Amino acid sequence: MNVLQQTEDNLKQEISTAVVQAALAETADIPEIVLEKPKDKAHGDFATNIAMQLARIAKKPPRKIAEDIMENLDQTKASIKKIEIAGPGFINFFMKQDFLGEVIPTILEAKDAYGQTNAGGGEKVQVEFVSVNPTGDLHLGHARGAAFGDVLCNLFAASGYQVEREYYINDAGNQIDKLGLSVEARYFQALGKDVDMPEDGYRGKDVVEIGKALAAEYGDKWEQAESTDRLNFFKEHGLQRALARIEMDLNDFRVHFDHWFSERSLYKNGKITEALSTLEAANYTFKQDGATWFRSTDFGDDKDRVLIKQDGSYTYLTPDIAYHKDKLDRGFDKIINVWGSDHHGYVPRMRAAIQALGYEKEKFDVKIIQMVNLFENGEKIKMSKRTGKAVALRELMDEVGIDAVRYFFVARSNDSQLDFDMDLARSESNENPVYYVQYAHARICTMLKQAETKGFTIDGDFDVSLLTAEKEVNLLKKLGEFPQVVADAAQKSAPHKVPQYVFDLATLLHSFYNAEKVLDADHQERTSARIALMEAVRITIANALKLIHVNAPEKM
RNA sequence: GUCUCAGUAGCUCAGUAGGAUAGAGCAACAGCCUUCUAAGCUGUGGGUCGCAGGUUCGAAUCCUGCCUGGGACACCA
């Protein structure tokens with residue numbers, strides 16, 4: 001399924017053999033052979049720096065080593081046309097014309113599956129993301145994490161990992177009490193009563209709407225109820241409705257979870273006390289000032305952390321430790337958390353807890369998502385005009401569209417802050433990368449439809465060797481890279497490589513389109529080959545967009 | 001004060017398990033539609049990779065220090 005990879009592996013193997021044959025180094029001493037794809041065509045199809053890397057081991061000048069390797073290389077076996085030594089000792093490989101010959105057939109056969117590999121080897125990965133407290137609607141900061149986590153999971157799934165998506169619901173603790181009180185106040189207000197909001201209540205319009213909905217549904221039924229019952233009612237219903245809203249927003253944002261994990265369940269099934277006793281048994285806890293502490297400094301944390309407060313209640317950390325223990329006990333090879341940058345400082349104590357519980361710290365990984373700043377008319381808008389709080393995901397989706405939001409959020413590296421330009425995201429022009437890529441896809445669809453109406457054969461035989469124009473070769477090379485790009489993005493947890501790739505591919509397509517005519521009655525065979533090429537590009541663009549959950553329209 | 005992310009073209013950003021002349025989009029300038037979608041293409045200009053040292057054949061990339069900006073430093077979640 002991964003044609004170029006095959007070619008590269010063969011080449012690496014031959015290089016390795018040549019190194020040994022030239023007596024430059026023992027097999028065990030050879031550094032990993034890296035093949036790069038030079039930007040400059042004069043440097044060939046592939047290049048390696050192995051001669052420079054071997055300079056110290058072989059105790060010879062790099063260019064001499066390169067010559068030795070060249071002499072011992074079986075060129076016929078690795079389908080090489082020409083080799084050159086350049087610069088300080090680079091070896092440049094010019095491949096025979098046909099090394100790209102399998103690219104199109106591979107893609108046409110794989111279709112939706114093109115891009116998938118088994119790079120992950122079935123490793124079990126769990127990604128926990130979003131996990132927003134159910135005390136209000138998702139805003140744009142959460143949305144970036146949602147898009148990131150979602151695409152990361154898609155990448156894992158495509159690259160041969162077993163992946164599970166999980167949302168941790170903070171449905172215990174005092175923020176739920178606050179939610180209950182806030183909903184209660186909004187309920188009374190919806191009934192026309194003059195009731196003040198609690199001091200530090202949740203003042204978002206989401207809670208107002210929940211209060212209204214409950215008033216409409218239950219009337220004044222809860223007005224006279226006993227206060228404990230009443231508060232419990234508002235806690236439960238507030239929680240359920242807030243969660244439902246979050247789930248719906250995520251659903252519309254094309255993000256779905258395999259598992260919604262309740263914090264409360266940890267209280268009910270004793271997992272918290274279990275985690276605490278594990279820590280205690282391992283001697284990582286102590287009592288001081290009436291509180292129970294976790295000695296996280298043993299694992300490099302800045303200071304020790306309270307687990308049980310003076311008043312006997314848990315800190316936020318305690319159930320969270322139990323939660324992570326539970327995740328690891330479920331047998332994942334790796335658990336990845338996607339957190340906002342405001343939780344960055346939380347990482348060392350969690351990592352300390354993982355180790356204190358007896359797990360390898362390598363199994364635990366946190367991806368930090370930097371802040372999003374919104375810009376409109378060239379000005380920064382941090383707060384929503386309507387709610388006075390951070391702009392809601394819902395508003396953003398309504399204003400600029402889901403495709404644009406997702407693409408923009410994923411297109412930047414997670415550890416760079418993101419300036420989100422509303423005007424750009426909204427614009428239907430070539431300035432907008434989303435439209436640029438989608439347009440490439442739609443263009444191909446139009447061509448293929450035209451081909452049909454004009455009577456060209458679409459699924460017939462084609463001869464790939466006719467695709468020798470520069471822009472055709474560029475496309476073929478780019479197409480062949482796709483599975484590696486996906487696997488690399490998964491391995492490095494770098495979803496932004498996908499928009500980058502598909503943008504480049506779209507550029508090559510547009511460039512080709514303007515330079516060459518696909519449907520040409522005077523060159524039937526070349527037309528057949530080009531139709532196949534177009535279909536291969538179309539499939540690849542569609543697959544790349546699918547990985548980031550952006551639509552690939554057939555016409556625009 | 002400590003930790004952390006960032007600092008690359010006028011703007012927004014790629015590139016960072018060291019590699020050849022540091023890339024892209026936008027903006028600027030100059031061209032291309034009787035021809036499969038001009039939501040497109042072609043070309044030009046634009047850089048002390050924050051600063052200073054160090055490591056080596058080679059540093060935007062690794063190490064140290066400093067400067068600037070964001071974020072975090074609770075018996076909150």
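Residues numbered from 1 in each chain as written. Chains lettered and ligands numbered in written order. Predicted model: local features only at pLDDT ≥ 70, side-chain atom pairs only at ≥ 80, totals over all residues. Heavy atoms only, no water.

1. With respect to the overall build of chain A
Inclusion rule: In DSSP terms, a helix is any run of H or I states spanning at least four residues, a strand is any run of E spanning at least two, and both are numbered starting from the N terminus. Throughout this description, buried means an accessible area under 20% of the type-specific maximum (1.4 Å probe, protein chains only), exposed means over 50%, and partly exposed covers the range between. In this analysis, two residues are considered to be in contact whenever any of their non-hydrogen atoms come within 4.5 Å of each other.
In terms of regular secondary structure, chain A is built from 19 helices and 15 strands. With the C-alpha coordinates of chain A rotated into their principal frame, the extents come out at 90 × 65 × 40 Å. Counting the 556 residues in chain A, one finds 51% classified as buried. Taking as baseline every contact in chain A between residues at least 6 positions apart, the subset at least 24 positions apart corresponds to 72%.

2. Details of the protein's contact with RNA strand B
Put simply, the test is: For each residue, the test is whether any non-hydrogen atom lies within 4 Å of the molecule or strand; if one does, the residue is near. In protein, a polar contact requires one atom able to donate a hydrogen and another able to accept it; more generally it is a pair of N or O atoms within 3.5 Å, and residues adjacent in sequence count only if both atoms are side-chain atoms. Basically, the charged four are Asp, Glu, Lys and Arg, the nonpolar ten are Ala, Val, Leu, Ile, Met, Phe, Trp, Tyr, Cys and Pro, and anything else, Gly included, counts as polar.
Taken together, 59 residues form the shell around RNA strand B, and within it Phe-90, Lys-309, His-344, Asn-430 and Tyr-439 come nearest. Considering the 4 Å shell around the protein, atoms of RNA strand B inside it are sugar or phosphate in 65% of instances. Contact distances for RNA strand B include 2.4 Å between a sugar or linking oxygen and a side-chain N or O atom of Gln-175. Within the side chain of Gln-500, a nitrogen or oxygen atom sits 2.6 Å from a sugar or linking oxygen of RNA strand B. For the surface near RNA strand B, the secondary-structure elements that each account for two or more residues are helix H2 (50–58), strand E4 (90–95), helix H6 (174–190), strand E9 (291–294), helix H16 (433–453) and helix H18 (497–515). Each residue belonging to the surface near RNA strand B can be placed in one class, and the counts come to 20 nonpolar, 24 polar and 15 charged.

3. Some points on unusual backbone geometry
Excluding glycine, a negative phi dihedral is what most residues carry, and trans is how most peptide bonds are arranged. The residue Lys-111 is not glycine, and still its phi comes out positive at about 50°. When you line up the elements, Lys-111 lands in the loop between helix H4 (103–110) and strand E5 (124–128). One non-glycine residue, Arg-254, lies in positive phi territory at about 70°. Here Arg-254 is to be found in the loop between helix H8 (227–252) and strand E7 (259–262). We classify Arg-254 as partly exposed; its relative accessible area is 21%.

4. What about the pairing of strand E12 (residues 364–369)?
Here is the rule: DSSP bridges decide pairing: two strands pair if at least two such bridges lie between them.
The buried fraction of E12 amounts to six of the six residues, a majority that puts the element mostly inside the structure. Here six bridges tie strand E11 (residues 334–340) to E12, and the two strands are oriented parallel to one another. Bridge pairing in E12 links Ile-335 to Phe-364.

5. Here we look at the packing of H16 against H18
Under the convention used in this document: Between the N-to-C directions of two axes lies an angle of 0 to 180 degrees, each axis being a line fitted to C-alpha atoms and, for a helix, fitted only over the stretch in contact. Any angle from 65 to 115 degrees is called roughly perpendicular, while one under 35 is roughly parallel, one over 145 is roughly antiparallel, and all others are oblique. With the far helix as reference, a near helix turned anticlockwise by less than a right angle produces a left-handed crossing, and one turned clockwise produces a right-handed crossing.
Two elements in contact, H16 and H18, have axes separated by 9 Å at closest approach and are oriented at 50°. Overall, the two elements H16 and H18 adopt an arrangement that is oblique. In this structure, H16 crosses over H18, and the sense of that crossing is left-handed. Of the residues in H18, those touching H16 at Pro-433, Tyr-436, Val-437, Tyr-439, Ala-440, Arg-443, Ile-444 and Met-447 are Val-502, Phe-503, Ala-506, Thr-507, Leu-509, His-510, Tyr-513 and Asn-514.

6. Structural notes on the packing of aromatic side chains
Basically, it comes down to this: Two rings from Phe, Tyr or Trp (for Trp, the six-membered ring) form a pair when their centres are within 6.5 Å of each other. A pair whose planes differ by under 30 degrees is stacked, one over 60 is edge-to-face, and the rest are tilted. Consider the ring centre and the ring normal. A charge sits over the ring if Lys NZ or Arg CZ is within 6 Å of that centre and within 35 degrees of that normal.
The tally for this structure, following the rule as stated, stands at 24 aromatic pairs. Arranged with centres 6.0 Å apart and planes meeting at 15°, the rings of Phe-286 and Trp-293 form a pair that is stacked. For the pair formed by Phe-286 and Trp-293, the shared burial category is buried. Connected via pairs of aromatic rings, a cluster forms that spans Tyr-187, Phe-188, Tyr-218, Trp-222, Phe-233 and Phe-234. When the ring centre of Phe-94 is taken as reference, the NZ or CZ atom of Lys-82 above it lies at 4.4 Å. Above the plane of the ring of Tyr-513 lies Arg-443, whose end atom (NZ or CZ) is 3.9 Å from the centre.

7. Some remarks on the sheet that holds E4
The strand order across the open sheet formed by four strands is E1-E2-E4-E3, and the pairing between neighbours is antiparallel. The sheet is open, and its two borders are formed by strand E1 (35–36) and strand E3 (80–86), each paired with just one other strand. Pairing between strand E2 (residues 46–48) and E4: three bridges, direction antiparallel. Counted as the bridge partner of Phe-46 is Phe-93 from E4. The sheet contacts of helix H3 (residues 62–72) involve E3 and E4, and relative to E3 the element is tilted by about 165°.

8. Details of the sheet that holds strand E14 (residues 379–381)
Within the open sheet, the three strands sit side by side as E14-E13-E15. Their pairing is mixed. In the strand order of this sheet, the two ends are held by E14 and strand E15 (418–421), each with one partner. The average undirected angle you get between the axes of adjacent strands in this sheet is 40°.

9. Description of the nonpolar core
For clarity, the threshold we go by: As used in this record, nonpolar core signifies buried Ala, Val, Leu, Ile, Met, Phe, Trp, Tyr and Cys residues forming a set joined through side-chain atoms within 4.5 Å.
In this structure, Phe-93 and Phe-420 are the most contacted members of the largest nonpolar core, which totals 124 residues. Broken down by element, this core gets its largest block of residues, twelve residues, from helix H19 (residues 524–547). Once you skip the residues sitting within four places of it in the chain, Phe-420 turns out to touch Val-372, Asn-373, Leu-374, Phe-375, Leu-396, Val-400, Val-405, Phe-408, Phe-409 and Ala-425. Listed in part, the 29 residues of the second largest apolar core include Ile-321, Leu-328, Tyr-346 and Ile-368.

10. Digging into H2
Let me state the cut-off plainly: Directions are taken from the helix axis to each C-beta atom, and the arc is the one they span.
Within the span of H2, buried status applies to Ile-50, Ala-51, Leu-54 and Ala-58. All buried residues of H2 fall inside an arc of 80° around its axis, so they share one side. Buried residues belonging to H2 abut helix H1 (3–21), E2, H3 and E4. In the segment just after H2, Lys-59 is the residue with positive phi, at about 55°.

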